[in-house]
There are 2 protein chains.
Amino acid sequence: MSLPVTAQHAAAGGPADETASTTGADPTPHAAWLPPEVFRPLGTRRVLVHGAGLLVDTVFAEVVRACAGHGGRVDRSAAGPSSAAAPEHGAAPPRPEGEPAAGPVDLVLALRGPHPLPPAVPPGAAAAPAGDDGPLGDEGFLSTRVDGVTVVLADAPAGLLYGLFHLVRLGEAAFTGDRPARAHRPALRRRMLDHWDNVAVHPDMGQVERGYAGGSIFWHDGGPNGDRDRLRAYGRLLAATGVNAISVNNVNVHATEARLLTDRLDDVADLADLLRPYGIRVHLSVTFAAPVVLGGLPTADPLDDRVRDWWDETTRRVYARIPDFGGYLVKADSEGQPGPATYGRDHADGANLLAGALARHGGVVHWRAFVYDHRRDWRDRSIDRARAAYDHFAPLDGRFADNVVLQVKYGPVDFQPREPVSPVIAAMPATRLAVELQVTQEYTGQQWHACYLAPLWSEVLDFRPWGPPERTVADVLAGVPGPEPRRDGDLVAVANVGDDRFWCGHPLAQANLYAFGRLAWDPYLDPAAVLDEWIDLTFPAPTVGDPALVRETLHAVLDDSWRTYERYTAPLGVGFMVDPDGHYGPGVDGYEYSRWGTYHYADRDGVGVDRTRATGTGFTGQYPPPWSQVYESPERCPDELLLFFHHVPYGHVLHSGVTVIQHIYDTHFAGVEQVGAMRDRWGRLAGVVDQGVHDRVAERLDEQLRCAIEWRDQINTYFFRKSGVPDARGRRIY
Amino acid sequence: MSLPVTAQHAAAGGPADETASTTGADPTPHAAWLPPEVFRPLGTRRVLVHGAGLLVDTVFAEVVRACAGHGGRVDRSAAGPSSAAAPEHGAAPPRPEGEPAAGPVDLVLALRGPHPLPPAVPPGAAAAPAGDDGPLGDEGFLSTRVDGVTVVLADAPAGLLYGLFHLVRLGEAAFTGDRPARAHRPALRRRMLDHWDNVAVHPDMGQVERGYAGGSIFWHDGGPNGDRDRLRAYGRLLAATGVNAISVNNVNVHATEARLLTDRLDDVADLADLLRPYGIRVHLSVTFAAPVVLGGLPTADPLDDRVRDWWDETTRRVYARIPDFGGYLVKADSEGQPGPATYGRDHADGANLLAGALARHGGVVHWRAFVYDHRRDWRDRSIDRARAAYDHFAPLDGRFADNVVLQVKYGPVDFQPREPVSPVIAAMPATRLAVELQVTQEYTGQQWHACYLAPLWSEVLDFRPWGPPERTVADVLAGVPGPEPRRDGDLVAVANVGDDRFWCGHPLAQANLYAFGRLAWDPYLDPAAVLDEWIDLTFPAPTVGDPALVRETLHAVLDDSWRTYERYTAPLGVGFMVDPDGHYGPGVDGYEYSRWGTYHYADRDGVGVDRTRATGTGFTGQYPPPWSQVYESPERCPDELLLFFHHVPYGHVLHSGVTVIQHIYDTHFAGVEQVGAMRDRWGRLAGVVDQGVHDRVAERLDEQLRCAIEWRDQINTYFFRKSGVPDARGRRIY
């Protein structure tokens, strides 16, 4: 046949063609979770902002804007703005140092010391909360309401900014009754988004690798994007969630992108300048081969003095230009990227080389643990990609410098809808870790399918690597000491934002971005509560209809959407039954004979990957007790992971009481029914929410239903043809 | 995972990346089947060329070149050259009209009438052969050897050119003893190659769609290729095989290519000028939407006067520029191409529109019957792509103008290694037909696998659509009347040539191009005899080693290579178990759930597509007896087509005595063994044949073996996992 490959993909169900028609740069990006309405409670008040510094200027500018829009009043005391922020917002000029704000105030946002607190702060409002007199740190804040005055205090400007957005979330409640003093501090010191954005359009991966929201907001066609307002708006949205670090280019570093480190550093500095007022530090993905491809050295051997000197000097230049530069992100010896293995060195040698260059400037290296053999022979069942990260890195525990952060994907394979939590997290007590999530929906519907991922992330964060009642993954990242002292770590995610009008292609995918930031600040939050926050901010009380309708509908659509996606795509822990090109839509055998790994080994008798120590790849042995025993046993293994760990007959009875094959049929029929219900529920919001938002979501739910039916029919047909077992309920299988 | 799609393909076995490194334009293209040595027998003789005309000039120039290289002598009589051909070859200036050539001659190549034959022609040499005094026509010739003089006579210049290459094939035998007079005429009047070459590089299909030999020899990056010597060499090679027509652009006509018909017509005229001296007429693929996209009309409705006028005027301009222009090739209402269906008209309306514009200029329309629904639902087993051409066109028999040639692929689907012959051939007695073959190896190894296709084509040409002893497909194309008068037709093939040094990527793929031309001239030729011709011409007696070794080796490598390819890829008539991207390498379920058609329906019990009238799609009913009965019956159906027509249990016993499943295992193991043997045999020619040729072939045989093993293991594993039937011989299946 003679149609272009892309046309074949479109014919095969990939929506790539339609995406083009509905995304792309838009002069008026959607307000997302910071529409003007949510600043009304604050903007109708009399506010005093006290303190100096760039981020205090940002706070002041936000309050000025809010009051300008809603009739409130804002004053500023202590050191005046260190930038021209206030005047340009046309508010009253700040008073000279020490002079009190005029009249009574409803809200004080104040930086503690070096300046005395303004008299407007009621007596006692500055007292530490009962049982919590610890330092607030660089980003923490104290909030309280006493004698009708709401007070936010911080010891550093960033704290005041986070305190401001805390009030925005609280809304009117922030100004009602008294509120006991409470200290707020981020559980994780670094809350980071990795953008897989290419500066130059890649012939295969495009402008944004695994990007489903149009082009890049950072880069366009080989250079800076240029939409500076859009970038400020992005920084502001992220600050409201708590994100404080961004890597601005793809971990697969191509030729043009490599040069961001050197002769294109100004482009990075410009982004840093735009994001700095929002408390966000810029990081850069670098190629380990930089000393060769950029420095002209004959080697990139991490133990070679010339190489070390090159990195030292190059890094010095970076910090001379960007004093608060965050650090380097490195994908090494993975999927074709260069690394220390080329020179017979290991990952610790490689990571410590860059760490050394960064340490003196306060920077960190994020070194990805996503290392595996993507040239494996599908015939060899002993090779197990799930083992790779542990096998490569666990032996290196203790050898990484303090400013190396080993970045581990949440599962042992690759962002599948359902995986066990990576065993690496329990295996490296002496190593600073980052858990890598994927906000961009590579394997979860590519922002054409509504799939709220916070419940998945919470399951990961709440997982107890050593079993109950030991620490959770969240505890580990927060640095809660266990039997051994523990270094705190980061939460990182691959971003889902592009130059699409709705930021994420799918307006409901904004909830994933919001939830990531919030869970990175407080990994113990309830995903449903986070969704409530997002709903209240993104869909302020509708002008028509029942105000509860929007909230109920969005919960009905999103609360269970991840499990719904799992139902029609990935039964019982089987992954990668996906079209190998683009990872959208079904391809049951897509990877079964692939060098990228094999994931179900389905035959006429059974299905699943035997990863046991007894008869399989031994992957279960990478877990400490009790999981090493639980996962080893087909009887004790949780249903949702059974086929990830075991190859069982189709007639195997699950804890749920149904057989594996019937579970496959049931969940796929149920998944499609649920998508249909999601679509119907959303339909009822026509005329209630913004027309543009409603149309875009409706369009995507139509496609989700079409695609879910395709998943259902292909997977059910595949397993019916193989097993020969009819559906117990006699539904149509082809 | 995050590697580019192309890298995934490379990892999956596609050799596209390697192709780039081994093809591409080369200043000294390979001589193929016209190396200087093969002109020695002719070039050492005393030759007289008699006659005038452009193609006689070509003959004269060939003889001059031969004699210059090998010491012979050439004279020319009768009207002098109508071009400056002779002087530029540095031969003796032609004598004035009527003056006899000096001294005795060994060979006379003479055009009969209007001029008297030269006295050098021995008495009786001009007599018609016994029992054959029919006209020689535009391309026929008479050859004989009397009294030590070899004589070739023709009534038209093209005949003399074909006579010359006939002598080249004969070699010394043409000058030995006496040879009775014999008339040679092409069985088919049009012997045509379709180039699927794009003028502008297509984002998905590249410069040449389904091209596996580098870039296009006609076009480069949006304009003419510019290598005029290469094009002359190509015309010369084709003339030596008998090809007399070429379509110079892709049947999928994109924007740039559409304009070849109008403002870029000069580019086509230039190609016509280059190919005319070799008796080759140029044809053009046009888009049915041309009146809209080029003419600015609101419609392309074939019954609209404005549309007809536009085609008339456009065609008049074409002939004003290219008087011997061949005609139009059209892919309409197929795979997204526009056509008459848009306006509620049928294919006869569309084809006759263009035929009308061409008729007065002597041009023809090749209208492709490759029309089917490529948006079908895989769930619906009643839809059968194999039925499509017959269903669309059979009802239109008798409605096509005399200068419409309906171009039918040899099989009902799409160039698979094994298909039944298309039922359309028997179904349209009142329609002029062309059978379309595919020299380019889209589904037969893409010129990385050695696959001599002449045996496949001969099976098609020897097939008797009405059963023995009725006419063969070759008879039908040759216009042999049956119960009804029959219009003669054409043999057409999709070309396999690019700007690769070896023309075809794989030097042995040259044999396919050569064989196509020869079979188009004489469809009754034996493929093995054609291969002998090609071997003797391409590999003249080696300087070292046993002269028989090359011939024996090439027969060992090529004679059975098509069936070998079939063995490791397409058992029992199953097609399309191929990677949907690129069609190279295995993908057993690649099309099983595809909108492009479903081809095996394998389940745990059996495999095959039920195309019977009794229980299947009814495709067997498109054949006349006896095939309608033979194919309907699983007992009578030939083994090699069983799964094309029937869905049978794995345990079904073939005529060969083995079960279907065991046949699948046996043929796949055997196929790989045969490729290994081909590789070993070729190895023995190291140092015997040209080093460049040997290296290129050796490189490709290595890849063929790797790929054949992949086919074997994936297909055997797939069917073993489904059927559960172990290999009777206990060989390794994964």
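Model, not experiment: these values are computed from the prediction.

## Focus: the pattern of salt bridges
- What the rule picks out here adds up to 114 salt bridges over all chains.
- In this structure, A:Glu62 engages A:Arg236 in a salt bridge whose closest nitrogen and oxygen atoms are separated by 2.5 Å. One end of the pair, A:Glu62, is in helix H4 (residues 54–70); the other, A:Arg236, is in helix H7 (residues 228–241), with 174 residues separating them in the sequence. Residue A:Glu62 shares its accessibility class with A:Arg236, and that shared class is buried.
- B:Asp349 is the partner of B:Arg399 in a salt bridge, and the nearest nitrogen-oxygen pair spans 3.1 Å. Residue B:Arg399 is found in the loop between helix H13 (388–393) and strand E16 (404–409), and its partner B:Asp349 is found in helix H12 (residues 347–359); the two are separated by 50 residues along the sequence.
- Put simply, A:Arg189, A:Asp402, A:Arg432, A:Arg487 and A:Asp488 are held in one network by salt bridges that share partners.

## Quick word on the sheet that holds strand E6 (residues 179–184) of chain A
Residue and element names in this part refer to chain A.
- Here we have 6 strands laid out as an open sheet, ordered E2-E1-E3-E5-E4-E6, and mixed in their pairing. Since the sheet does not close on itself, it has two edges, and those belong to strand E2 (73–77) and E6, each with one partner. Adjacent strand axes in the sheet meet at a mean angle of 10°, parallel and antiparallel pairs treated alike.
- The pairing of strand E4 (residues 141–146) with E6 spans 4 bridges and is classified as antiparallel. Bridge pairing links Phe141 to His184 in E6.
- Lying on the sheet, H4 is in contact with strand E1 (46–50), E2 and strand E3 (107–111); it crosses E2 at an angle near 160°.

## Focus: the state of the cysteines
- One pass over the full model with this rule turns up 0 disulfides over all chains.
- No disulfide involves A:Cys451; its nearest neighbouring cysteine sulfur is the one of A:Cys707, lying 12 Å away.

## Quick look at the interface of chain A and chain B
- Across the boundary between the two partners, chain A contributes 57 residues, which contact 57 residues of chain B.
- Roughly 4900 Å² is buried in total at the junction of chain A and chain B, and carbon and sulfur atoms are behind 49% of that figure.
- There are 6 salt bridges connecting chain A and chain B.
- As a salt-bridge pair, B:Glu592 and A:Arg721 come within 3.1 Å of each other at their nearest N and O atoms.
- The interface formed by chain A and chain B includes 15 residue pairs in polar contact (both at pLDDT 80 or more).
- In terms of residues, the side of chain A that touches chain B owes the most to one element, helix H24 (residues 691–723) of chain A, which gives 10 residues.
- For the side of chain A that touches chain B, the class distribution of residues is 22 nonpolar, 12 polar and 23 charged.

## Concerning the packing of helix H20 (residues 561–569) of chain B against helix H23 (residues 660–683) of chain B
Residues and elements named next belong to chain B.
- Orientation of H20 relative to H23, taken along the N-to-C sense of each, is 135°, at an axis distance of 7 Å. On the basis of the axis angle, H20 is oblique to H23. Relative to H23, the crossing made by H20 is left-handed. From H20, Ser561, Thr564, Arg567, Tyr568 and Thr569 reach across to H23, where they touch Thr667, His668, Ala670, Gly671, Gln674, Val675 and Met678.
- Broken down by class, the residue content of the contact of H20 with H23 amounts to 4 nonpolar, 7 polar and 1 charged.

What counts and how
Residues numbered from 1 in each chain as written. Chains lettered and ligands numbered in written order. Predicted model: local features only at pLDDT ≥ 70, side-chain atom pairs only at ≥ 80, totals over all residues. Heavy atoms only, no water. Salt bridge = Lys/Arg side-chain N within 4 Å of Asp/Glu carboxyl O. Helix = DSSP H or I, 4+ residues; strand = E, 2+ residues; numbered from the N terminus. Buried < 20%, exposed > 50% of the residue type's maximum accessible area, 1.4 Å probe, protein only. Pairing = 2+ DSSP bridges. Axes fitted to C-alpha atoms, helices over the stretch in contact; angles between N-to-C directions. Contact = heavy atoms within 4.5 Å. Disulfide = S-S within 2.5 Å. Buried area = accessible area lost by both parts, 1.4 Å probe. Polar contact = N/O pair within 3.5 Å; in protein donor to acceptor, adjacent residues only side chain to side chain. Nonpolar A, V, L, I, M, F, W, Y, C, P; charged D, E, K, R; others polar. Parallel < 35°, antiparallel > 145°, perpendicular 65-115°, else oblique. Left-handed = near helix turned anticlockwise from the far one by under 90°.

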